[in-house]
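Spelled out, the chains give:
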Amino acid sequence: MNLLYSYIILFNNILLIVKEFNYHEIIIMSYDPHRNIFYYYRGPSKRKSEDIIYDTQIEDNTTKALINCLENSSNGLLNHFINHFALKFSYKSKPQYLLQVSKSKSRPDAQIKSATHSLYIESKVAAGIDIEQLVKHQKDLKDSDTLILISKDDFNNEINIKHIKWSDIYKCFSVYENRDPKEKFIINEFKKYLEVIGLSDFVGFENDDFDYFINRIEEYKPIVKNKLDQFSNKIYEELNDEIKSIYTDRHLGVLSKYPEGGAWFGIRKDQKIKDVFKHCNFTIEIDADSVQFNTVIRDGKYNQKKPIGIFYRKIKNNYDVFMNILKSLSNEYYLTISKRVPKSGKSIMPGNEKWVPLARLTLEIVTDETIDYLLMMLKKIEFPGIHLGLSIKRGNKVLQEPEKLIQIGKKVIEEEYKVLKFLED
């Protein structure tokens, strides 16, 4: 009995010790891109850039990664690649895989060569597409050869070459089956590499993405930014024409250096045009806990001719209209009231403000008291800010369902647009 009692005491002491640990210190570390077989170590640089992976080596390295993936896999992957993109290429013995091929008038990035055919590859990742360069490549081709341009974005193909997007290569490799363990490992590493440098399609959010905001591994920053950028742009493209005609600016914010900060993508009005409401917009955000879709109302005080003041008066003068708008929204939405304070100094301005949440109201039940409380808080806080949004907590299965998640984002923004219309009408 004494021994059992000792074990109980010991177990309770361990629990107390664990409770003393900060959650941030015991979280699993995020994926380190440097462990990827296709990623490369960056040498010393004086350049201070957030996007540390985008330098002069990126295009050569990405072409090399593709060629190495094909060369070190079975011919089955090459056949799948050829058939998937309807390429003119046949071979009897294993093809040759070459990099930086010297031709009489040009130098393509890579060549896949058989006795009768050649696939020449010109790869673009960060640099722009050089039409003159492509024309020079074409002049060196035989009738049995094919020139392939692989780029990140769409290409206005006026010179009639084969164009493939990196995201399409990612999809092509994703649907390839019948792989042995070695081949599966190589292909998964290549796909992960494309994810790291932002060339894959959006594949959803995983725990590593949320963990970045806890452990702040610098090499993982581009992965989070690329995912948020891809995801947000896909949502934007799905929005109705009315919203896209008004909110024409898309902006990926700088990742916060503050421990509690997250990352955000803004869907905004043209920031160059004088408009009192240009800082009232939509944001798509991610932090350690969740992905959020927010409508943002900010600037000024309740008694000024700025958005907060206009919002305050609109609610008071159109009490029932505003209540009905809130009731029409999903009951899963929240309304957060914050005070805006400067990060440094005394002035609040875009880029130098911190939002401190003071109250969060759910829209499950909207009553007169809900509206009265909102008005009271807008009047009481010196510089208020409003977030109307929906949050999806980490671990939710929908975060791994890209198409469904995009449709959720679209629905939230289109529903919440009612509030911005109410503000501005």
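Residues numbered from 1 in each chain as written. Predicted model: local features only at pLDDT ≥ 70, side-chain atom pairs only at ≥ 80, totals over all residues. Heavy atoms only, no water.

1. Some words on the sheet that holds strand S11 (residues 354–362)
Next, step 1: The seven strands are arranged S6-S7-S8-S9-S12-S10-S11 in an open sheet whose pairing can be described as antiparallel. Whereas interior strands pair on both sides, the edge strands pair on one side only; in this sheet they are strand S6 (249–252) and S11. Across the sheet, the mean angle from the axis of one strand to that of its neighbour is 25°, orientation sign disregarded.
Next, step 2: Where strand S10 (residues 334–341) lies against strand S12 (residues 384–393), six bridges are found, and the strand directions are antiparallel. Note that in S12 the partner of Leu-335 across the bridge is Leu-388. (Pairing = 2+ DSSP bridges. Helix = DSSP H or I, 4+ residues; strand = E, 2+ residues; numbered from the N terminus. Axes fitted to C-alpha atoms, helices over the stretch in contact; angles between N-to-C directions.)

2. Quick word on the packing of helix H9 (residues 221–238) against helix H14 (residues 402–424)
Next, step 1: Their axes nearest at 9 Å, the elements H9 and H14 cross at an angle of 60°. Comparing the axis directions of H9 and H14 gives the class oblique. The two elements H9 and H14 meet at a crossing, and its hand is right-handed. Contacts from Phe-231, Lys-234, Ile-235 and Glu-238 in H9 reach Leu-405, Ile-406, Gln-407, Gly-409, Lys-410, Ile-413 and Glu-414 in H14.
Next, step 2: Along the lines of polarity and charge, the residues of the contact of H9 with H14 split into five nonpolar, two polar and four charged. (Parallel < 35°, antiparallel > 145°, perpendicular 65-115°, else oblique. Left-handed = near helix turned anticlockwise from the far one by under 90°. Contact = heavy atoms within 4.5 Å. Nonpolar A, V, L, I, M, F, W, Y, C, P; charged D, E, K, R; others polar.)

3. Notes on the pairing of strand S7 (residues 263–268)
Here is the key point about a regular strand: its side chains alternate between the two faces of the sheet.
Next, step 1: Along S7, five of the six residues are buried, which leaves the element largely enclosed by surrounding structure.
Next, step 2: Pairing between S6 and S7: four bridges, direction antiparallel. Each bridged residue has a counterpart across the sheet, and for Leu-252 the counterpart in S7 is Phe-265.
Next, step 3: Pairing between S7 and strand S8 (residues 281–286): five bridges, direction antiparallel. In the sheet register, Trp-264 faces S8, and the bridge partner there is Glu-285. (Buried < 20%, exposed > 50% of the residue type's maximum accessible area, 1.4 Å probe, protein only.)

4. Brief notes about the environment of Trp-355
Next, step 1: Note that Trp-355 resides in strand S11.
Next, step 2: Residue classification places Trp-355 among the buried positions, given a relative accessible area of 19%.
Next, step 3: Distance in space between the C-alpha atoms of Trp-355 and Ser-338 is 5.8 Å, their sequence separation being 17 residues.
Next, step 4: Among residues more than four places away in sequence, those in contact with Trp-355 are Val-296, Ile-297, Arg-298, Ser-338, Lys-339, Arg-340, Gly-385, Ile-386 and His-387.

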